[in-house]
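Close look at the chain arrangement
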Amino acid sequence: MDTNKTLAEIEKKLQGLNKLYDALRIVDPVNQKLIERIEYASIDKDCVYWHNELLSDDALALRAYEDKKCCVRLEQLSASTLLITALPIDNSLILEMVKNVSDAIVLDGCDFQMDCQQLREEYDNLAFQDELTGLFNRRYVGDCLQKDISTTIYKHQPLSIIFLDIDNLKEINDKYGHGFGDKVLIEVANLLQRSIRENNDWVARYGGDEFLICLNNASGEDAFEIAERIRTEIVALGILQNESIKTSASLGICTTRSKKVLASELISLADSKMYQAKRNGKNQTAR
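First, a word on scope: everything that follows refers to the structure included in this document. (Residues numbered from 1 in each chain as written. Predicted model: local features only at pLDDT ≥ 70, side-chain atom pairs only at ≥ 80, totals over all residues. Heavy atoms only, no water.)

Observations concerning the pattern of salt bridges
Between side chains of opposite charge, a pair can form when the charged atoms approach closely. Inclusion rule: Only one rule defines a salt bridge in this text: a Lys or Arg side-chain nitrogen within 4 Å of an Asp or Glu carboxyl oxygen. Secondary structure follows DSSP: runs of H or I at least 4 residues long count as helices, runs of E at least 2 residues long count as strands, and numbering of each begins at the N terminus. Think of it in three bands: with a 1.4 Å probe and only protein chains considered, a residue is buried below 20% of the maximum accessible area for its type, exposed above 50%, and partly exposed in between.
Applying the stated criterion across every chain yields a total of 9 salt bridges. The salt bridge involving Asp167 is made with Lys278; its shortest N-O contact spans 2.7 Å. Of this pair, Asp167 sits in strand S6 (residues 159-167) while Lys278 sits in helix H10 (residues 263-279), placing them 111 residues apart in sequence. On the basis of relative accessibility, which here comes to 0%, the residue Asp167 falls in the buried class.

Re the nonpolar core
The test is simple: The definition of a nonpolar core used throughout is a set of buried Ala, Val, Leu, Ile, Met, Phe, Trp, Tyr and Cys residues joined through side-chain atoms within 4.5 Å. Between two residues, a contact is recorded if the distance between any of their heavy atoms is within 4.5 Å.
Residues Leu164, Leu192, Phe211 and Ile230 are the most contacted members of the largest nonpolar core, which totals 26 residues. Within the residue set of this core, elements represented by two or more residues are S6, helix H7 (169-176), helix H8 (178-195), strand S8 (210-216), helix H9 (220-235) and strand S9 (248-256). Beyond its immediate sequence surroundings of up to four residues, Phe211 is in contact with Leu135, Ile162, Phe163, Leu164, Ile166, Leu185, Val188, Ala189, Leu192, Ala204, Arg205 and Tyr206. Judged by nonpolar contacts, the second largest core, of 22 residues, contains Tyr140, Trp202, Tyr206 and Val261.

Some thoughts on the sheet that holds S6
Where we set the bar: Any two strands with at least two DSSP bridges between them are considered paired. For helices, the axis comes from a line fit to the C-alpha atoms of the stretch in contact; other axes are also lines fit to C-alpha atoms, and the angle between any two N-to-C directions lies between 0 and 180 degrees.
The strand order across the open sheet built from 5 strands is S7-S8-S6-S9-S10, with neighbouring strands paired in mixed fashion. The outermost strands of the open sheet, each flanked by one partner alone, are strand S7 (202-207) and strand S10 (285-286). Where S9 lies against S10, 2 bridges are found, and the strand directions are parallel. Counted as the bridge partner of Leu251 is Thr285 from S10. Taken strand by strand, H9 contacts S6, S8, S9 and S10, and its axis lies near 170 degrees from that of S9.

A few points about H8
Put simply, the rule reads: Multiplying 1.5 Å by the residue count of a helix minus one yields the expected span of that helix. The arc in question is the one traced by the directions running from the helix axis out to the C-beta atoms.
Between its first and last C-alpha atoms H8 spans 26 Å; for 18 residues at 1.5 Å apiece the expected length is 26 Å, and the two agree. Regarding H8, the residues found buried are Gly181, Val184, Leu185, Val188, Ala189, Leu191, Leu192 and Ser195. Down the axis of H8, the buried side of the element spans an arc of 165 degrees, and every buried residue falls inside it. Opposite its buried face, H8 presents the exposed residues Gly179 and Arg194, each directed more than 90 degrees away. Lining the buried residues of H8 we find S6, H7, S7, S8 and H9.

Some thoughts on the packing of helix H6 (residues 138-155) against H10
Between two packed helices, what matters for the description is the angle formed by their axes and the separation of those axes. The criterion, for reference: When an angle is under 35 degrees it counts as roughly parallel; over 145 it counts as roughly antiparallel; between 65 and 115 it counts as roughly perpendicular; any other value is oblique. Throughout this entry, Asp, Glu, Lys and Arg are counted as charged residues, while Ala, Val, Leu, Ile, Met, Phe, Trp, Tyr, Cys and Pro are counted as nonpolar. The remaining residues, Gly among them, count as polar.
With their axes 9 Å apart at the nearest point, H6 and H10 run at an angle of 100 degrees to one another. Considered as vectors, H6 and H10 are oriented roughly perpendicular to each other. Across the interface between the two elements, Val141, Leu145, Gln146 and Ile149 from H6 touch Ala263, Leu266 and Ile267 from H10. Here the contact of H6 with H10 is composed, by residue class, of 6 nonpolar, 1 polar and no charged.

Structure below.
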């Protein structure tokens with residue numbers, strides 16, 4: 001594929017692109033390669049990933065590739081606010097466009113940089129937080145996990161994820177009501193939050209009764225030890241213990257170190273291990 005021709009065709013089709021954006025580039029997000037870049041205006045030096053051909057800190061292009069749709073992000077830097085757009089253009093290639101919007105908006109005469117940062121933080125809190133448990137949500141997983149995988153490859157460190165599913169939650173809901181089922185979810189979420197390393201790992205409610213735990217710089221053995229501790233502590237929670245229903249969980253583990261892998265592939269592998277634990281009788285960890 002002639003990438004120079006591609007950029008020329010893009011500029012021809014989108015007349016005045018240089019007036020709409022400060023820079024554009026074509027990237028291969030799967031193999032983390034910069035194919036071609038054009039800058040109409042200088043980009044803030046703090047936007048490290050834009051100047052880094054490894055694209056090690058950039059997950060937006062990967063999300064556009066995986067979802068096969070245009071993705072947009074507002075990025076607040078020390079001196080600039082950048083609007084970044086990622087657009088699939090050809091098979092695995094993504095067109096990224098950047099616009100400095102620091103001076104584009106005035107909010108009631110207030111300082112835009114401060115207001116934009118505050119709005120961004122409030123937006124992130126709403127967009128990435130599960131309302132019931134207070135954990136991160138599935139959207140956060142899609143935004144953050146690929147970044148952590150890229151960092152893992154760059155630093156040559158292991159990364160492990162634990163996919164956890166609460167056993168018998170449907171039976172609990174059916175017998176005691178969804179209010180009690182929500183209590184189980186909240187108690188488990190609090191336990192998971194206490195079980196991870198602050199500022200290093202994170203946990204998200206992936207959906208329904210499923211949770212995903214990301215352990216940065218953790219080997220498969222480390223992850224298994226943590227998973228087993230979580231599993232035994234869930235059984236001991238004491239939310240509901242009787243002859244008909246037990247509170248327990250099935251967990252699956254997947255670890256990567258240097259292999260270039262999509263977040264969705266890693267999740268799928270851990271999910272498969274979790275279902276293996278389910279098939280083997282529940283209340284256990286598979287790796």
